[in-house]
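# Examination of the molecular architecture
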Amino acid sequence: KQEVTQIPAALSVPEGENLVLNCSFTDSAIYNLQWFRQDPGKGLTSLLLIQSSQREQTSGRLNASLDKSSGRSTLYIAASQPGDSATYLCAVRPRAGKSTFGDGTTLTVKP
Amino acid sequence: GAVVSQHPSWVICKSGTSVKIECRSLDFQATTMFWYRQFPKQSLMLMATSNEGSKATYEQGVEKDKFLINHASLTLSTLTVTSAHPEDSSFYICSASPYIQGVGALSNQPQHFGDGTRLSIL
């Protein structure tokens, strides 16, 4: 059974800092990994999708890496801003079947 | 980008009422949609996988007679919470991945989520 762990559960940083969020998974037989952002009381917004054959994906100030063999992914946020405050979730997806989500990391960026 | 619309966004109703939540893929077709439930400060819990034209697949512990799912078209799935009680109060979210006729469901495409429905049963 796939298990996804996100560390830390919560993170508070001053504005402007670069930061890394971690996601680990127990079964490396994944098809892709997706990072999401969730604002309070809202649905999920897709940030980055990494296919199993890829090492990283970038979008603006966000960079996600994937090391499938070690079961790890990181989400790097550069020059953090207060608007980045949210809960960040990672989800791994097998070739067929359902995705497994981590419990998320709640990020607070202080002005 | 791909958009999933979920309606209503917030429902408050009395105990015993049945509530229907709609999930629509606005600019793509989806043979499969997923329904999740989320408790405060917790991650998403998959309730069921909605399959167009066939019965939904429910996760262990989810009552199929309580949570009725209908996926009548390639762009619409509905979740009906029947005879809702206060313990059914939660945040319900749907998601969908694109499907292309002749190719099938695209597992290599992102999942797109609706904005969720806050259900409060008094």
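Higher on the page you've got the structure.
Below is a summary of the structure that appears in this document. (Residues numbered from 1 in each chain as written. Chains lettered and ligands numbered in written order. Predicted model: local features only at pLDDT ≥ 70, side-chain atom pairs only at ≥ 80, totals over all residues. Heavy atoms only, no water.)

So, on to the pattern of salt bridges. Within this structure, the stated rule accounts for 5 salt bridges over all chains. One salt bridge connects Asp84(A) with Arg61(A), and the closest N-O pair in it is separated by 2.8 Å. You can see Asp84(A) sitting in the loop between β8 (72–77) and β9 (86–93) and its partner Arg61(A) sitting in the loop between β6 (56–59) and β7 (62–67), a full 23 residues away along the chain. What makes Asp84(A) buried here is its relative accessible area of 8%. We classify Arg61(A) as partly exposed; its relative accessible area is 29%. The residue Arg24(B) makes a salt bridge to Glu22(B) at a minimum N-O spacing of 3.5 Å. Note on Glu22(B): relative accessible area 24%, which makes it partly exposed. (Salt bridge = Lys/Arg side-chain N within 4 Å of Asp/Glu carboxyl O. Helix = DSSP H or I, 4+ residues; strand = E, 2+ residues; numbered from the N terminus. Buried < 20%, exposed > 50% of the residue type's maximum accessible area, 1.4 Å probe, protein only.)

Turning our attention to the environment of Gly61(B). Residue and element names in this part refer to chain B. Note that Gly61 resides in the loop between β6 (57–58) and β7 (67–73). Residue classification places Gly61 among the exposed positions, given a relative accessible area of 78%. Each C-alpha atom of the pair Gly61 and Thr78 lies 20 Å from the other, and the pair is 17 residues apart in sequence.

The subject of this paragraph is the state of the cysteines. As enumerated under the stated definition, the model contains 2 disulfides over all chains in all. Put simply, Cys23(A) and Cys90(A) are joined by a disulfide, and their sulfur atoms are 2.0 Å apart. Around the S-S axis, the bridge from Cys23(A) to Cys90(A) shows a dihedral of about 75° and counts as right-handed. Here Cys23(A) is found in strand β3 (residues 19–25), whereas its partner Cys90(A) is found in strand β9, with 67 residues between them in sequence. Taken individually, Cys23(A) and Cys90(A) each receive the classification buried, so the pair is uniform in this respect. Between the sulfur atoms of Cys23(B) and its disulfide mate Cys94(B) the distance is 2.0 Å. When the S-S torsion is 85°, as for the bridge of Cys23(B) with Cys94(B), the disulfide is right-handed. Remark: Cys94(B) occurs in strand β9 (residues 90–96) and Cys23(B) occurs in strand β3 (residues 19–25); sequence separation between them is 71 residues. Residue classification places Cys94(B) among the buried positions, given a relative accessible area of 0%. (Disulfide = S-S within 2.5 Å.)

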